[in-house]
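# Structural overview
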Amino acid sequence: MRKKIIAGNWKMNTDINSGLELAKTINESLKNLVFNSKEYGVVIAPPFTHLYAVSKVIDNKFIQLSAQNIADNEKGAFTGEVSVDMIKSAGATATILGHSERRTYYGENSSTLSKKLNLAIKNNILPIFCIGEILAEREKEIHFNVVEKQVSEVLFNLTVEDFSKVVIAYEPVWAIGTGKVATPEQAQEMHEFIRNLIEKKYSKNIAQYTTILYGGSCSPSNAEGLFSKPDIDGGLIGGASLKAEDFLKLIEIRLKH
Ligand code: 13P
């Protein structure tokens, strides 16, 4: 069966000291929670600068360390970029890709994302691939078309073997950092739609095996409704992942369902 995951995207928050404290607190508390790490996963994605130090204070039996992005080239004269090799040598085993903030502020598109995705897979780095519509697209009722395009232009170029190494995160942009969470019904409807696309492209088996996370103002107060939906396998959490208590509550809620 597919893995249920709670992933924390710290974005550009915390300095090394506060980031280490947060990672240590999460790590210590997880030791007291009994869960099967084949069925449930916890991921944290601190800024690049923290990865190496954080890798030294977490137990990779409970927590998978993720970057928030990688460069679209392997190495060379790309000032300011961080390669997949670099995050790997800093202890990361996953990376977020295609977050809407990267698409909006840094012009990431399907062609750059395809390169990044292939580099991640080639290097055994788990890609957490983000998709989602903006408010105007939902209002125009073209959100399904937008998400289908994002999925098919990048993910559906993968072989079935490579596709099975990807985690998808549906993050409606209008719900990110706004406190305006998608209703469980809205999220479930989109997750089911995505799973059906995967079934049509690959197979029922692969569709059932793919982890699809929800992201956007997910917090302990609304997670119960979201995580009880059949196609919502967990969350990619922004704001609430910066408070150990909230992040742990989200993990506990995920473990209950
Ligand atoms: P918030 O949980 O702060 O809305 O952010 C969601 C997100 O963008 C996670 O990647």
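Presented here is an overview of the structure given in this document.

Reading the values: the criteria
Residues numbered from 1 in each chain as written. Predicted model: local features only at pLDDT ≥ 70, side-chain atom pairs only at ≥ 80, totals over all residues. Heavy atoms only, no water. Axes fitted to C-alpha atoms, helices over the stretch in contact; angles between N-to-C directions. Helix = DSSP H or I, 4+ residues; strand = E, 2+ residues; numbered from the N terminus. Parallel < 35°, antiparallel > 145°, perpendicular 65-115°, else oblique. Left-handed = near helix turned anticlockwise from the far one by under 90°. Contact = heavy atoms within 4.5 Å. Nonpolar A, V, L, I, M, F, W, Y, C, P; charged D, E, K, R; others polar. 1 Å grid on protein atoms, 1.4 Å probe; cavity = no way out; pocket = protein on both sides within 12 Å on 5 of 7 lines; lining within 4 Å. Points joined across faces, edges and corners; volume = space filled by probe spheres on them. Near = heavy atom within 4 Å. Polar contact = N/O pair within 3.5 Å; in protein donor to acceptor, adjacent residues only side chain to side chain. Areas by Shrake-Rupley, 256 points an atom, 1.4 Å probe, with all protein chains shown as cover.

## Here we look at the packing of helix H7 (residues 143-154) against helix H9 (residues 184-201)
Interaxial distance between H7 and H9 falls to 11 Å at its minimum, and their mutual angle equals 45°. It follows from the interaxial angle that H7 and H9 lie oblique. Here the hand of the crossing between H7 and H9 comes out right-handed. Contact with H7, carried on its side by His143, Phe144, Val147 and Glu148, involves Glu189, Met190, Phe193, Ile194 and Leu197 of H9 and no other residues of that element. A class-by-class count of the residues in the contact of H7 with H9 yields six nonpolar, one polar and two charged.

## A few points about the layout of surface pockets
In this model, the largest pocket occupies a volume close to 580 Å³. What lines the largest pocket is a set of 22 residues, among which Lys11, Met12, Gln68, Arg102 and Tyr106 lie closest to the centre. With three residues, the top contributor of residues to the lining of the largest pocket is helix H4 (residues 100-105). Grouping the constituent residues of the lining of the largest pocket by class yields 10 nonpolar, eight polar and four charged. A volume near 300 Å³ is recorded for the second largest pocket. Along the walls of the second largest pocket sit 16 residues, with Leu126, Ser164, Lys165, Val167 and Tyr209 positioned nearest its centre.

## Quick notes on the site of the ligand
Within the structure, the ligand sits among Asn9, Lys11, His99, Glu171, Ala175, Ile176, Gly177, Gly216, Ser217, Leu236, Gly238 and Gly239. In this structure, Ser217 approaches the ligand through a main-chain N or O atom, which is 2.7 Å from an oxygen atom. Between an oxygen atom of the ligand and a main-chain N or O atom of Gly239, the distance comes to 2.8 Å. For the ligand, the accessible surface in isolation is 310 Å², of which the surrounding protein chains cover 94%. Here the shell around the ligand is composed, by residue class, of three nonpolar, seven polar and two charged.

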